[in-house]
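Now for the letters of each chain:
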Amino acid sequence: MITLFLIPVYILFSFYICRWLFRWMNACHRWFQKKWMKMVIVAAYAFASSTIIISFLLPVSPVQRVLKRIGNYWLGVLLYILLVILVVDLIRIVLKKTKWITPEVLHSRRTFVVSGALCICVIAAVSIYGITNARHIRTTTYNVEINKDGGKIADLKIALAADLHLGYSIGPYHMEQMVEKINAMDADIVLIAGDIFDNEYEAIRDPDRIISILREIKSKYGVYACYGNHDIQEKILVGFTFPGEEKKQSDPRMDELLEKSGITLLRDESLLIDDSFYLVGRPDYRKPGRGIDIRKSPEEVVEGLDMMKPVIVLEHEPVEMEELAEAGVDMQLCGHTHDGQLWPGTITINLFWENPCGYLKKGNMHSIVTSGIGVYGPAMRVGSRSEVCEINVDFDDM
C-alpha cells in the first residue's frame, strides 16, 4: 500500500525536477533551448528514473541486472537531488523574506545560473564520493575485557562482519576485500551477524565464485553466522516488501551456499567453543525464519549454560540489550543498522537504536554493532563506512 502511494509522489517530484532543470538550461544558453536537446534530457531522466520499476518487473537476466544496478545508484542520486533542491528552495524563501539580497540580484539570470551549477556540482560530488566510499572496506578495532575465566583461552580475537547483502550491488569484489581484511587479523573465530543475502538468491551473479572466496576465510575455531531480516526469499521494490500469507524464510539455496562456504549457521542454538566460552546464535527479531515461530527469550537463551563461562551472543538486530545483560550475557554482537548508511540517516539512526553503531556498555554486557560490509537500496555510503570489526577480548577472572 505504501508503495502504491509513493508512485504518484515520485512522478510529481520527477516533474518538479525536470521543471527546474529546463528553467536552468534555458537561462544558461540558447543551445540548451533546442527541442532535440530537451528531448535527450527527458529521455535520459526517464530512463534513469524508470529503471527501478522496470528491473523489478523483468525476470532475472543480464539486462535486468544492469538496470537494477543503475536503479540502485539512481536511488542515492535522487536522495541528494531532493535534499539539495529543498535546501536551495528554503534559502531562497529566507532571502526573499529577510531581503538580505535585493530582489534584482536574487531573481537575476546570473544568480539562477550560478546557483544551479553549484547544485549540480554538489549532487555529483556527493554521489561520486558515496559510490566510491561504499566500495572500500575498512577495519575497526575494539578492545574488550570480560571478567570471567576463559578456561583454555586467555584472550580471543573475533572478526565480526555483517550485512553482506550479496546481490545486485555486492559481489565478488567486496567479498575478496572482506576475506583479505579478516585473514589479515589472524582471527580466532569469525562471526557474521546476519543479512548475508539481499532477499533474492537469483540476484547473486556467480554463487560458485562467492563460495570459493568465502572458503578462503581462515580462523582457529571456524566461521559462524546467524540470519537477518533480509535473509529470506522475497521481492522488494524501493525498500518495501509485499504482504503474503506464507511465512517468509530463506531460500534453501541460501542455506546451501553457507554450508558449501564452510559457514555454520546458528538458529537459536548455543555452542561451547573449546570448552572455554559459549557462542549463541539467535534468529532475526522480526523474521526468525524456517523452523522457528517464536525465538527464545533472553532467559531461555542462557538456560542450561554454565554462566561461570563467558557467553557471547550473535544476532542481527541490536535489541533486548537490557534483558540479555540481566540474563548474564557478556557480549552481544550485531549489525543491521548500517550506521544510517546515507547522511542524514547517519544522524537520525540515533533516534531508533540505543546502540546504532560502535561500542556500548549495558550493565556488565558489552554491545558492539558494526556498520556492515554491504549496502541496502542505494549503492552508496555517505557519512558511514563499510567495515570489518576486529574485537580483541581479554578474559580476566577477578
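Refer to the structure presented above.
Computed from a prediction, not measured in an experiment: that's the story for all the values here.

This next bit is on the packing of aromatic side chains. Under the defined criterion, the tally for this structure stands at 3 aromatic pairs. On the basis of an interplanar angle of 55° and a centroid distance of 5.8 Å, the ring pair of W20 and F112 is categorised as tilted. Pair noted here: W20 is in helix α1 (residues 2-28) and F112 is in helix α5 (residues 109-134), with a separation of 92 residues, a long-range link. Both rings, one in Y45 and one in W74, keep their centres 5.3 Å apart while their planes meet at 85°; by these two values the pair is edge-to-face. Taken as a pair, Y45 in helix α2 (residues 35-57) and W74 in helix α3 (residues 62-98) lie far apart in primary sequence, 29 residues in all. A single burial state applies to Y45 and to W74, both of which are buried. Over the face of the ring belonging to W20 we find R19, whose NZ or CZ atom lies 5.4 Å from the ring centre. Over the aromatic face of Y173 sits the side chain of R135, whose NZ or CZ is 4.2 Å from the ring centroid.

Pairing is mixed across the open sheet formed by 6 strands, whose spatial order is β1-β12-β2-β3-β4-β5. The two strands at the open ends of the sheet, each matched to only one other strand, are β1 (137-146) and β5 (263-265). Strand-to-strand, the axes of this sheet are offset by a mean angle of 25°, without reference to chain direction. Note that strand β3 (residues 189-193) and strand β4 (residues 223-226) share 4 bridges and pair parallel. Each bridged residue has a counterpart across the sheet, and for I192 the counterpart in β4 is A225.

Cut-off values and rules
Residues numbered from 1 in each chain as written. Predicted model: local features only at pLDDT ≥ 70, side-chain atom pairs only at ≥ 80, totals over all residues. Heavy atoms only, no water. Phe/Tyr/Trp six-rings, centres within 6.5 Å; stacked < 30°, edge-to-face > 60°. Helix = DSSP H or I, 4+ residues; strand = E, 2+ residues; numbered from the N terminus. Buried < 20%, exposed > 50% of the residue type's maximum accessible area, 1.4 Å probe, protein only. Lys NZ or Arg CZ within 6 Å of the ring centre and 35° of its normal. Pairing = 2+ DSSP bridges. Axes fitted to C-alpha atoms, helices over the stretch in contact; angles between N-to-C directions.

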